[in-house]
Amino acid sequence: MIIKIPFKTPTVNHLYGRHAKGFMFVKQEAKDLKEEIRKIVLKDISLIIPNLNDGLRVEVEIHENWYSKKRTVLRKDIANREKFLIDSVFDALGIDDKYIFEHKLIKVQDSEEYSLIKIGGIKMAEDEEEKKEESAEEEEEEKADDEDNEDEE
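Colleague: Help me understand the environment of Ile5, please; the structure alone is not making it clear to me.
Modeller: Its location among the elements puts Ile5 in strand β1 (residues 2–5). In sequence terms Ile5 and Val41 are 36 residues apart; their C-alpha atoms lie 8.5 Å from each other. Residue contacts for Ile5: discarding those within four places in its chain leaves Ile37, Ile40, Leu85, Tyr114, Ser115 and Ile117.

What follows is the structure, encoded as structure tokens:
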């Protein structure tokens, strides 16, 4: 599943405030932005959610200009921006992000500003080991059958 967020999202630092008593609160801008992302996600009803028990692989591409006019890399907090994206998309899908087992974050140099969130299922390592063991057992059985057939001839 690929979800395109067609605008630049701000960092978490701009979306949360600190009350005089010290606790954090979500600014109205963050609530509005999260609702806009929810509408984008739910607009495409063809999204297929992978089996959560297999775990999820998430890849986030942040497309924008990452260089200054002098061609030096600009100081931008990509992880802070990505966290809000993941939280918003997964909230819209009704999925807890605890199911993410693989996570990749990519900066893409681009004149347009948008993000792509790619979500897919993964098989857990135990399942893969089990498949390898079953495959090895099947190969051994086939070899034994072949040897038996050769002996009969």
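Colleague: Before we go on, may I ask you to explain the pairing of β1 in this structure?
Modeller: The alternating pattern of β1 places Ile3 and Ile5 on a buried face, while none of Ile2 and Lys4, on the opposite face, is buried. Summarising the sheet, β1 and strand β6 (residues 114–121) pair through 4 bridges and their orientation is antiparallel. Within the sheet, the bridge partner assigned to Ile5 lies in β6 and is Ser115.

Colleague: What should I look at first to understand the pairing of β6 in this one?
Modeller: It is a general feature of regular strands that their side chains alternate between the two faces of the sheet. Bridging between strand β4 (residues 56–64) and β6 involves 8 bridges; their strand directions are antiparallel. Within β6, the residue paired with Val58 across the bridge is Ile119.

Colleague: Would you mind going over the packing of aromatic side chains with me for this structure?
Modeller: Aromatic ring pairs are defined here through the distance separating the ring centres and the angle between the ring planes. Applying the stated rule across the entire model yields 0 aromatic pairs. Between Lys4 and the ring centre of Tyr114, over which it is positioned, the NZ or CZ distance is 4.3 Å. In this structure, Lys76 packs its charged tip against the face of Trp66, placed 5.2 Å from the ring centre.

Colleague: Looking at this structure, how should I read the side chain of Asp110?
Modeller: Mapped onto the fold, Asp110 is located in the loop between β5 (100–109) and β6. Buried within the structure, Asp110 lacks any salt-bridge partner; its nearest side chain of opposite charge belongs to Lys4, at an N-O separation of 7.8 Å. For Asp110, the side chain forms a polar contact with the side chain of His63, separated by 3.1 Å.

Colleague: When you look at the sheet that holds β4 in this model, what are you seeing that I'm missing?
Modeller: Within a sheet, neighbouring strands are paired by backbone hydrogen bonds and run either parallel or antiparallel to one another. Spatial strand order, β1-β6-β4-β5: 4 strands in an open sheet with mixed pairing. Bordering the open sheet on either side are β1 and β5, each of which pairs with just one other strand. The sheet shows a mean angle of 15° between the axes of neighbouring strands, direction not considered. Taken strand by strand, helix α3 (residues 78–93) contacts β1, β4, β5 and β6, and its axis lies near 125° from that of β4.

Reading guide: rules and limits
Residues numbered from 1 in each chain as written. Predicted model: local features only at pLDDT ≥ 70, side-chain atom pairs only at ≥ 80, totals over all residues. Heavy atoms only, no water. Helix = DSSP H or I, 4+ residues; strand = E, 2+ residues; numbered from the N terminus. Contact = heavy atoms within 4.5 Å. Buried < 20%, exposed > 50% of the residue type's maximum accessible area, 1.4 Å probe, protein only. Pairing = 2+ DSSP bridges. Phe/Tyr/Trp six-rings, centres within 6.5 Å; stacked < 30°, edge-to-face > 60°. Lys NZ or Arg CZ within 6 Å of the ring centre and 35° of its normal. Lys, Arg positive; Asp, Glu negative; His and termini not counted. Salt bridge = Lys/Arg side-chain N within 4 Å of Asp/Glu carboxyl O. Polar contact = N/O pair within 3.5 Å; in protein donor to acceptor, adjacent residues only side chain to side chain. Axes fitted to C-alpha atoms, helices over the stretch in contact; angles between N-to-C directions.

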